[in-house]
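The lines below spell out each chain.
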Amino acid sequence: MKWKRSDLQQYVQAKEYIDTILLPLVPIQLSNDEETDKYSAQAEVMSILANGIEKELTGRTMLLPNYNYLKTVDITTEVQRLNNWTVDMQQQPFAHITYITFDSRWKKEEKGLIGNLLWMPAVQTGEIHSKEMQRIIRDQVGQTVELIRSYWN
Amino acid sequence: MSDEKQQVSRRQFLNYTLTGVGGFMAAGLLISPIRMAIDPVLKGSSGGDLANVGLSVDDITADPQRIDWSVDQVDGWYESEVSRSAWVYKNDNDEIVAFSPVCKHLGCIVSWEGSEQHPNEYFCPCHDGRYYKDGTNVPGTPPLAPLDVYEQEVKDGMLFLGDVIPQGEA
Ligand code: FES
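This one's a predicted model, so the numbers in the text were calculated from it and none came from an experiment. (Residues numbered from 1 in each chain as written. Chains lettered and ligands numbered in written order. Predicted model: local features only at pLDDT ≥ 70, side-chain atom pairs only at ≥ 80, totals over all residues. Heavy atoms only, no water.)

Asks: Please explain the interface of chain B and chain A as it appears in this structure.
Replies: A common way to express how large an interface is: the accessible area buried when the components associate. Across the contact, 14 residues belong to chain B and 12 residues belong to chain A. Roughly 1,200 Å² is buried in total at the junction of chain B and chain A, and carbon and sulfur atoms are behind 51% of that figure. For the pair chain B and chain A, the number of links is one salt bridge. Here arginine 66 of chain B makes a salt bridge to glutamate 56 of chain A, at a shortest N to O gap of 3.4 Å. The interface formed by chain B and chain A contains five residue pairs in polar contact (both at pLDDT 80 or more). Taken together, the residues of the side of chain B that touches chain A break down into six nonpolar, five polar and three charged. (Contact = heavy atoms within 4.5 Å. Buried area = accessible area lost by both parts, 1.4 Å probe. Salt bridge = Lys/Arg side-chain N within 4 Å of Asp/Glu carboxyl O. Polar contact = N/O pair within 3.5 Å; in protein donor to acceptor, adjacent residues only side chain to side chain. Nonpolar A, V, L, I, M, F, W, Y, C, P; charged D, E, K, R; others polar.)

Asks: Just to check I follow, could you spell out the packing of aromatic side chains for this structure?
Replies: For any pair of aromatic rings, geometry is given as the distance between the ring centres together with the angle between the planes. All names here are of chain B. One pass over the structure, following the stated rule, counts 10 aromatic pairs over all chains. Both rings, one in tryptophan 69 and one in tyrosine 150, keep their centres 5.4 Å apart while their planes meet at 65°; by these two values the pair is edge-to-face. Note that tryptophan 69 is positioned in strand S2 (residues 65–75) and tyrosine 150 in strand S8 (residues 149–155), a separation of 81 residues in sequence. Centre to centre, the rings of tyrosine 89 and phenylalanine 99 are 6.1 Å apart; their planes meet at 25°, and the pair counts as stacked. Taken together, the positions of tyrosine 89 in strand S3 (residues 78–90) and phenylalanine 99 in strand S4 (residues 96–99) put the pair 10 residues apart, joining distant regions of the chain. In terms of burial, tyrosine 89 and phenylalanine 99 fall into one category: buried. Joined through ring pairs, the aromatic side chains of Trp87, Tyr89, Phe99, Trp112 and Tyr122 make up one cluster. (Phe/Tyr/Trp six-rings, centres within 6.5 Å; stacked < 30°, edge-to-face > 60°. Helix = DSSP H or I, 4+ residues; strand = E, 2+ residues; numbered from the N terminus. Buried < 20%, exposed > 50% of the residue type's maximum accessible area, 1.4 Å probe, protein only.)

Asks: I keep staring at the sheet that holds strand S6 (residues 122–124) of chain B and nothing clicks. Help me out?
Replies: Picture the strands of a sheet paired through backbone hydrogen bonds; they go either parallel or antiparallel. Residue and element names in this part refer to chain B. The strand order S5-S6-S7 describes an open sheet built from three strands, whose pairing is antiparallel. A strand with exactly one partner marks an edge of an open sheet, and here the two such strands are strand S5 (111–112) and strand S7 (129–131). The sheet contact formed by S5 and S6 spans two bridges and is antiparallel. Following the sheet pairing, tryptophan 112 is matched in S6 by tyrosine 122. (Pairing = 2+ DSSP bridges.)

Asks: So what exactly am I meant to see when it comes to the nonpolar core here?
Replies: Counting residues in each nonpolar core, the largest one holds 35 residues, and the members touching the most others are Leu49, Ile53 and Ile100 of chain A together with Phe99, Val110 and Tyr122 of chain B. Looking at this core, the elements that each hand over two or more residues are strand S1 (20–28), helix H2 (33–56) and helix H5 (131–152) of chain A together with S3, S4 and S6 of chain B. Here this core gets six residues from one element, more than from any other, and that element is H5 of chain A. Residues in contact with leucine 49 of chain A, not counting those within four places in the same chain, are Ile100, Phe102, Met120, Ile137, Gln140, Val141 and Thr144 of chain A. Judged by nonpolar contacts, the second largest core, of 21 residues, contains Ile18, Ile21, Tyr67 and Ile97 of chain A. (Core = buried A, V, L, I, M, F, W, Y, C linked by side-chain atoms within 4.5 Å.)

Put into structure tokens, the structure is as follows:
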């Protein structure tokens, strides 16, 4: 399910079945030209990846809009803000709150986070819509789906 | 003076064009139902949205295999590529069957033999929904209907798939 009205209406009717949150953690910044290229590309890949996972697991998983933050910020200051988001989500019976990100800096903060962190190395982005890229992302979707399923068991 | 003249001619111009367009549209309205009525082939070909999924009929076996393809979808102003998937196999009567992998409970993607405990069935990872090989939902699991089937066609030995056709409650 996604963050849209029709899905949320369905969610409210079927809460007992949808117990997993998927929240992409996506850094942005505009101050440096080279970096904008890298981070916008990563954000695009993350969007394809997250939507791919949501499609596979839509009946049990709610994909939320990105958690965005400034790339240049000290990540430790983001931990509290992310946890605040998470506490709000926990007002509903979500048993599994999963963050998904390419930003390795979260890895060091993992212990302080309420939800599960799925960090994965960013795919080196060539042409995003190339066949090769689609295959890579499809693989990555499959592997991530397996990981999320392992939390369920 | 010349202003007025221009206005008239602009109005005339509009008149001509609008009549033209209207006439054209009226003709379209008249023609298309007739064409549809007398020529079912034409009607059928509007289902030209069947897509070649890149699978040769010779490669279809009794074991369901997952295939993925993408189709262009026009949604309002947006044209986008959407990916589709299917489970394809040959049943006991040697007929090709292509199932939509979308679980009839809440829409997760099912896999053939997706669970080791349940061989020879489709399995939905979300709430352990199950379907027999012929797509019928296993009673007592969350789905209440059999898997949808794709509209299909074989052309030049290749499989073409179109829209999904729901199979009704079971
Ligand atoms: S979505 Fe398949 S069993 Fe619930």
